Amino acid sequence: MIAAFAATALVVICISFLYLWTLFFAGLRTMKKQGAALSTLRGAKYENPFAGEPGTFHTYFLIPCLNEDAVIGATVAALAGSRYSTTIVIDDASDDSTVVTAYARGGDGVIVLERQPPNARRGKGEALNDALSLVRQLVAERGQDVGRVLVTVMDADGRLSDGAMAAVLPLFDDPEVGAVQLAVRIRNRERFLTRFQDFHFWSLTSVTQFGRHQSSTVSLGGNGQFSRLSALNEAGETPWSESLTEDLDLSVTLAMKSWKLATTPNAAVEQQGVAQISALFTQRRRWFQGHLMLAKRLPEIWGDARLSQVRALELSAYILTPWVTVLPWSILFHWGLFGLIVEGPSFFSFVTGSATLLIGFVIWYALAFGPVVVSAFVYWRRDEEIRFRTAFLHAHCFPLMNSIAFAAVWSALVRILMGENGWQKTARVREGRTGDPVEVRADAEVVSMPATPLGSRITMHPARLERLGDAPAPLALLAARARRPGTQPREQRPDGDADEEHDQEPDPGRHRECEPEEEHARAPQIRKDEQQGDHEQHDRHDALGREALRLGLRSRRVRRCSSGVRHLSDPPLPAEGRPNTENARGPEGSSKPRVTAGVTSRFES
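Residues numbered from 1 in each chain as written. Predicted model: local features only at pLDDT ≥ 70, side-chain atom pairs only at ≥ 80, totals over all residues. Heavy atoms only, no water.

It is worth spelling out a nonpolar patch on the surface at this point. Taken together, the side chains of Trp329, Phe333, Leu337, Phe338, Leu340, Ile341, Val342, Phe348 and Phe350 make up a nonpolar region of the molecular surface, amounting to roughly 880 Å² of accessible area. In this structure, phenylalanine 333 sits in helix H12 (residues 321–342). A residue is classified by how much of its surface remains accessible, and phenylalanine 333, at 32% relative accessible area, is partly exposed. (Patch = residues over 30% accessible without salt bridge, like charges linked within 9 Å, V, L, I, M, F, W, Y side chains within 5 Å. Areas by Shrake-Rupley, 256 points an atom, 1.4 Å probe, with all protein chains shown as cover. Salt bridge = Lys/Arg side-chain N within 4 Å of Asp/Glu carboxyl O. Helix = DSSP H or I, 4+ residues; strand = E, 2+ residues; numbered from the N terminus. Buried < 20%, exposed > 50% of the residue type's maximum accessible area, 1.4 Å probe, protein only.)

Structure follows, in structure tokens:
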């Protein structure tokens with residue numbers, strides 16, 4: 001029995017150590033090549049991800065939400081600071097105030113995509129695919145280059161580190177990079193359980209992920225996942241699968257499409273840790289189940305001639321980790337513990353004196369605790385709060401915490417054999433003060449418009465349409481940016497060209513769209529009305545716009561600017577009903593209907 005145990009354990013240990021230490025040293029090399037060190041993000045803040053943003057890509061942040069009122073406000077507020085980004089909150093039929101909080105805290109750049117039953121609550125992958133169809137329409141509407149558009153998946157509790165965009169976007173300057181995944185930190189690490197989760201994510205796990213950067217096979221996660229839109233388009237109409245770990249599935253799909261999967265040690269994403277053992281078990285079981293089921297794609301990987309042998313080997317090693325290491329090691333651990341109790345003298349038969357006892361203890365300790373001691377050093381170097389002795393003690397809790405992983409992996413295997421594929425959502429905890437109380441005006445009713453093939457709706461408050469005039473087609477409305485009169489700062493476009501119109505001095509007698517001057521000449525009376533700020537006309541115009549939007553709506557003509565953003569122009573109104581805002585006025589006689597995203601609309605007065 002002892003001989004069989006020793007032989008089996010030796011094989012498992014050798015496989016685990018070879019894979020682990022290869023990735024660890026490759027990770028250190030990645031950090032060095034990208035100008036980082038273990039202490040690079042020590043003390044990093046998670047408040048301003050757009051600091052130093054180069055503005056080379058348009059970014060669409062997708063945030064799947066199901067009852068996320070406790071955390072969504074701070075997340076959308078943190079993502080509202082860039083002119084190059086759009087935040088799409090995917091409400092999966094929440095029962096709480098998720099939608100209201102997202103509106104109140106997210107600013108004008110937030111779009112809420114409300115998924116309706118029976119399509120709602122069918123998994124994160126389907127929610128993301130639904131939102132991706134909206135992104136594709138918006139990109140087409142705005143005239144953006146799909147190769148310069150990124151789609152970023154964030155959890156509702158996710159926060160990007162300061163300057164994260166400045167660290168991530170240059171990686172996509174390599175046209176072969178299809179996706180980038182950031183390392184994860186746990187925010188609420190005050191308790192032992194959450195501190196241990198942070199220890200797991202922020203030490204060896206993150207460094208080995210940096211190692212996978214060398215083979216371009218970085219594993220994508222569900223938070224801080226950046227993907228190039230053109231890569232997602234290659235992955236198919238619905239790139240995210242129905243798997244419990246749709247992110248891992250997407251990793252394999254993109255790799256098989258010859259896209260590089262990368263990461264950076266210069267940015268990270270922060271999230272909540274799970275504060276209850278039962279919830280942690282449920283979360284880990286879902287992860288293990290999706291990971292175990294991914295093994296069915298191994299024949300695809302080895303049958304794809306486009307994948308290099310190195311990439312195929314690394315992907316296979318990662319996919320087989322729960323099968324080859326976690327499951328066997330869970331058996332060996334308990335087998336060894338049982339044998340030690342029952343046949344203790346036989347286990348120590350090699351001891352002939354103090355020297356052999358010391359040698360045996362050193363070998364056992366190195367095999368059992370060597371990796372976690374290295375983890376303690378890495379975590380101590382990467383965390384600004386913890387002392388080395390505390391990290392050292394946390395490392396020695398790994399055998400205890402591994403019992404949760406062992407139980408979760410076996411429970412996941414049983415669920416696979418029984419054909420169970422459902423999962424429970426991880427509950428969030430409200431974190432202190434998340435801003436001023438949410439207040440919605442009594443007249444701020446939600447306006448809804450069909451948006452995607454699954455029948456999900458775009459919603460927004462009419463108060464945000466005040467300067468846009470009568471109701472346009474849904475996607476044209478979202479693409480619009482109503483500019484107030486006055487000097488605008490010079491805007492650098494993602495393709496590198498400057499928008500020259502922002503360099504000019506404001507001219508109150510000229511409508512500064514991208515049409516010829518004579519088309520935008522204004523009547524003196526209109527200029528006078530604008531200067532006087534005729535609120536009565538505003539009110540009448542807003543009423544007309546809201547009524548048209550409820551009735552069915554008709555598109556106004558859309559003009560494209562050199563900035564790549566389309567601005568809206570109105571069909572003519574009666575003189576007394578003309579809006580007195582610049583961007584709401586268009587050429588006279590323009591009433592040509594337009595089809596946008598399958599919706600034909602026409603203004604009716």
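Turning our attention to the pattern of salt bridges. Scanning all chains against the criterion turns up 26 salt bridges. A salt bridge links aspartate 95 to arginine 121; the nearest nitrogen and oxygen atoms lie 3.0 Å apart. Residue aspartate 95 is located in the loop between strand S2 (85–91) and helix H3 (98–106), and its partner arginine 121 is located in the loop between strand S3 (110–114) and helix H4 (124–142); the two are separated by 26 residues in the primary sequence. For aspartate 95, a relative accessible area of 62% translates into the label exposed. Salt bridges here are not isolated pairs; linked through shared partners, they connect Arg185, Arg189, Arg195, Asp198, Asp383, Glu384 and Glu385.

On to the pairing of strand S6 (residues 177–181). Across the five residues of S6, five count as buried, placing the element largely inside the fold. Here S6 pairs with strand S9 (residues 260–262) via three bridges, running parallel. Bridged to valine 180 within S9 is alanine 262. Pairing between S6 and strand S8 (residues 225–228): three bridges, direction antiparallel. Within the sheet, the bridge partner assigned to glutamine 181 lies in S8 and is glutamine 225. (Pairing = 2+ DSSP bridges.)

Membership of the largest hydrophobic core comes to 41 residues, with the highest contact counts inside it found for Leu62, Ile88, Val135, Val151, Trp240, Leu254 and Ile301. Ranked by the residues each element gives to this core, the list is headed by H4, at eight residues. If we ignore the near neighbours within four places in the chain, the residues touching isoleucine 301 are Val252, Met256, Leu307, Ala312, Leu315, Ser316 and Ile319. Membership of the second largest hydrophobic core comes to 37 residues, among which are Phe57, Leu160, Leu171 and Ala262. (Core = buried A, V, L, I, M, F, W, Y, C linked by side-chain atoms within 4.5 Å. Contact = heavy atoms within 4.5 Å.)

Before going further, it helps to examine the confidence of the model for the chain. Mean pLDDT for the chain: 77, with 70% of residues reaching 70 or above. Predicted confidence is poor over residues 433–448, with pLDDT under 50, and the contacts of this stretch with residues over four places away or in other chains come to 30 contacts. Predicted confidence for residues 461–493 stays below pLDDT 50, and this span has 126 contacts to residues more than four positions away or in other chains. (pLDDT = per-residue confidence, 0-100.)

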